[in-house]
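# Chain and residue survey
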Amino acid sequence: MALLVHLLVCVFGMGSWVAINGLWVELPLLVVELPEGWYLPSYLTVVIQLANIGPLLVTLLHRFRPGCLSEVPVIFAILGVGTVACILLAFLWNTTSWVMGGRHSITFIVLTFFLALVDCTSSVTFLPFMSRLPTYYLTTFFVGEGFSGLLPALVALIQGSGISTCVNVTQAADATLSPLTTRETHVTQGPGSPSLSSHLESRYLPARFSPLVFFLLLSFMMLCCLVAFFLLQRWPGGRQGSIEDLLQSQVTLHSIRPREEMDVGSPGPGDSSKGGEHLEQKAAPLHPAQLAFIYTVVAFVNALTNGVLPSVQSYSCLPYGPVAYHLAATLSSVASPLACFLSIFLPTRSLLTLGALTLLGTGFGAYNMAMAVLSPCPLLQGHWGGEVLIVLSWVLFIAFLSYIKVMLGVILRDRSRSALVWCGAAVQLGSLVGALLMFPLVNVLRLFATADYCSLDCAA
């Protein structure tokens, strides 16, 4: 039974960000068809941040009207909206409308807003719901959250989304190529015709299946999450976790602790060992300074992993070639659930240790950012050592910070349900600040230069 609950919790956690993560990995196919082209990611960034109105509303209600909003109907509503939006996106993703003198993907952007509203609101509703379950299920939830990035990436890899090859392009000497799209030019040279030049360019290979199939698979994942949540909230064992929290969070009940420990030891051998282990792992009360440190680290880590570094991953990896880029993207998606799983066997509640790991993970993130700034000619470009370093740096960056997210979540879960609500708010605040910081740097000031690996020459 416990294994089934772990599986349901994992599937439930997967639904937290699977829709938005799926949109990002499908972008190489979408930008070819939609009129916004490669400006589409910047539009999506703004739309996703606007969707933070959902978690903001939930957090304000929790602060000023505590108890008036139950997370169960909210989760049912957002998962239902997410499933329907994915289904609609499968059939309407390439529908365009004539707005302000040009074609725009209004339908796609509106549906993306609803998906982002679902995923952003999940940060302040899924975690509080997990406070109803025993603590050891929280790590499984974070493993599932890691799978929300891994599964769409694997599906996109099978689909062939973003796989490119080098093509020899011939064009007239006086012709210019658009920075967004290029076309091969076939010219028959004759008297008076312009001189021809040829060069290599990157071209995306045709996908094995269409975005329609991809978005239907996303719909199925969201539906699985909805079914998993339905079964979890009907599981009678979920009440045990909330009762434990109630008993252990009341100062006035210290006098009955000995009786409570006797009661915990009274069930069968399996239950008593789990209950004793759970009580032993209860952390000491946190001081306000420690809480401030935890919430700051939560916001900082999510700013890096959800806002700052994803904006420059292509700039840091593409100069080393498409293989390095896809390995970095795929293996870092694998590293997240593995790091969450590792926290089961190697847990630590030491804030000093978690702070040191944060600095270490930030160091790998700083290397990734430095390579993005140096694009299109970063360190060791054209050398196999550079490819190994950039892939390894991205994997370790995601692994360290994913581990920190899990352990901080476990610490806050043991404090109270309210602490998890504010943890979700810190997650969204950090993600918002990171995205808003990078948007002008990438899309307005254009401080990062793209690299075409096939025509790149960094010999100088």
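Residues numbered from 1 in each chain as written. Predicted model: local features only at pLDDT ≥ 70, side-chain atom pairs only at ≥ 80, totals over all residues. Heavy atoms only, no water.

### Remarks on the overall build of the chain
Along the chain, the regular secondary structure elements total 18 helices and 4 strands. Expressed as a percentage of its 460 residues, the buried residues of the chain come to 47%. Partitioning the contacts of the chain with sequence separation of at least 6, the portion at a separation of at least 24 is 85%. (Helix = DSSP H or I, 4+ residues; strand = E, 2+ residues; numbered from the N terminus. Buried < 20%, exposed > 50% of the residue type's maximum accessible area, 1.4 Å probe, protein only. Contact = heavy atoms within 4.5 Å.)

### Some words on the packing of helix 2 (residues 18-33) against helix 9 (residues 211-233)
Between helix 2 and helix 9, the shortest axis-to-axis distance is 11 Å and the interhelical angle comes to 175°. Taken as axis vectors, helix 2 and helix 9 run roughly antiparallel relative to one another. In contact with Val 18, Ala 19, Gly 22, Leu 23, Val 25, Glu 26 and Leu 30 of helix 2, helix 9 contributes Pro 211, Phe 214, Phe 215, Leu 218, Met 221 and Met 222. Across the contact of helix 2 with helix 9, the residue classes break down as 11 nonpolar, 1 polar and 1 charged. (Axes fitted to C-alpha atoms, helices over the stretch in contact; angles between N-to-C directions. Parallel < 35°, antiparallel > 145°, perpendicular 65-115°, else oblique. Nonpolar A, V, L, I, M, F, W, Y, C, P; charged D, E, K, R; others polar.)

### Quick look at the environment of Ile 78
Note on placement: Ile 78 falls in helix 5 (residues 71-92). For Ile 78, a relative accessible area of 11% puts it in the buried group. For Ile 78 and Leu 226, which are 148 residues apart along the polypeptide, the C-alpha to C-alpha distance reads 9.4 Å. Residues in contact with Ile 78, not counting those within four places in the same chain, are Val 118, Thr 121, Ser 122, Thr 125 and Phe 126.

### A few points about helix 15 (residues 322-345)
Its 24 residues place the ends of helix 15 35 Å apart at the C-alpha level, agreeing with the 34 Å of an ideal helix rising 1.5 Å per residue. Burial in helix 15 covers these residues: Ala 324, His 326, Ala 328, Thr 330, Ser 332, Ser 333, Ala 335, Ser 336, Pro 337, Ala 339, Cys 340 and Ser 343. Tucked inside the fold, the buried residues of helix 15 contact helix 8 (136-159), helix 14 (313-317) and helix 17 (384-415). (Expected span 1.5 Å × (residues − 1).)

### Focus on the nonpolar core
Counting residues in hydrophobic clusters, the biggest one holds 108 residues, and the most contacted among them are Phe 12, Phe 108, Met 130, Phe 141 and Phe 215. Considering every element that reaches this core, the biggest residue donor is helix 17, with 16 residues. With sequence-adjacent residues up to four places away left out, Phe 108 is seen in contact with Leu 23, Leu 30, Leu 34, Leu 40, Leu 44, Leu 89 and Trp 93. (Core = buried A, V, L, I, M, F, W, Y, C linked by side-chain atoms within 4.5 Å.)

### Things to note about the environment of Leu 151
Relative to the helices and strands, Leu 151 is located in helix 8. With relative accessibility at 28%, the residue Leu 151 sits in the partly exposed group. C-alpha of Leu 151 to C-alpha of Val 334: the two residues are 183 residues apart in sequence and 9.1 Å apart in space. For Leu 151, the contacting residues outside a window of four places in its chain are Met 14 and Met 221.

### Quick notes on helix 17
Given a rise of 1.5 Å per residue, 32 residues ought to cover 46 Å, and the 47 Å separating the end C-alpha atoms of helix 17 matches this to within 8%. Counting buried positions along helix 17 yields 23 of 32 residues, so the element is predominantly enclosed.

### Observations regarding the packing of aromatic side chains
Taken as a whole and assessed by the stated rule, the structure comprises 16 aromatic pairs. Ring geometry for Phe 129 against Phe 229: centres 4.9 Å apart, planes inclined by 65°, an arrangement best described as edge-to-face. Here Phe 129, found in helix 7 (residues 126-130), pairs with Phe 229, found in helix 9; they are 100 residues apart in sequence, far enough to count as distant. Of the two residues, Phe 129 and Phe 229, both sit in the buried class. Aromatic side chains Trp 394 and Phe 397 sit 5.8 Å apart centroid to centroid with 90° between the ring planes, which places their arrangement in the edge-to-face category. Taken together, the positions of Trp 394 and Phe 397, both in helix 17 and 3 residues apart, correspond to about one turn of that helix. Residue classification places Phe 397 among the buried residues on the basis of a relative accessible area of 0%. Counting every residue linked through ring pairs, the aromatic cluster contains Phe 12, Phe 76, Phe 126, Phe 129, Phe 141, Phe 142, Phe 229 and Phe 230. (Phe/Tyr/Trp six-rings, centres within 6.5 Å; stacked < 30°, edge-to-face > 60°.)

### Description of unusual backbone geometry
Here Ser 375 and Pro 376 are connected by a cis peptide whose omega angle stands at 15°. Within the secondary structure layout, Pro 376 lies in the loop between helix 16 (351-374) and helix 17. Here Leu 380, not a glycine, exhibits a phi torsion of approximately 60°, which is positive. The residue Leu 380 is located in the loop between helix 16 and helix 17 in this model. Residue class for Leu 380 comes out partly exposed when judged on its relative accessible area of 43%.

### Quick notes on the side chain of Ser 402
On the secondary structure map, Ser 402 appears in helix 17. What Ser 402 contacts, discounting residues up to four positions off in sequence, is Ser 336, Ala 339 and Cys 340.

### Some thoughts on the confidence of the model for the chain
Reading fine detail from the predicted coordinates is not recommended where pLDDT is low. Taken as a whole, the chain shows an average pLDDT of 79; of its residues, 81% reach a score of 70 or greater. Of all secondary-structure elements in the chain, the lowest mean pLDDT belongs to helix 12 (residues 269-280), at 40, while helix 16 reaches the highest, 94. Long-range and interchain partners of residues 241-282, a stretch whose pLDDT sits below 50, account for 35 contacts in this model, where long-range means more than four residues apart. (pLDDT = per-residue confidence, 0-100.)

### Points about the state of the cysteines
Throughout the structure, instances matching the rule amount to 0 disulfides. With no disulfide partner, Cys 225 has as its closest neighbouring cysteine sulfur the one in Cys 224, 8.8 Å distant. Here Cys 225 falls in the buried class, since its relative accessible area comes to 0%. (Disulfide = S-S within 2.5 Å.)

### Section: the packing of helix 1 (residues 2-14) against helix 9
Where helix 1 meets helix 9, the axes come as close as 8 Å, and the angle between the chain directions of the two elements is 135°. The orientation of helix 1 with respect to helix 9, classified from their angle, is oblique. In the crossing of helix 1 with helix 9, the sense of the turn from one axis to the other is left-handed. For the pair helix 1 and helix 9, the contacting residues are Val 5, Leu 8, Val 9, Val 11, Phe 12 and Met 14 in the first and Met 221, Cys 224, Cys 225, Ala 228, Phe 229, Leu 231 and Leu 232 in the second. When its residues are assigned to classes, the contact of helix 1 with helix 9 shows 13 nonpolar, no polar and no charged. (Left-handed = near helix turned anticlockwise from the far one by under 90°.)

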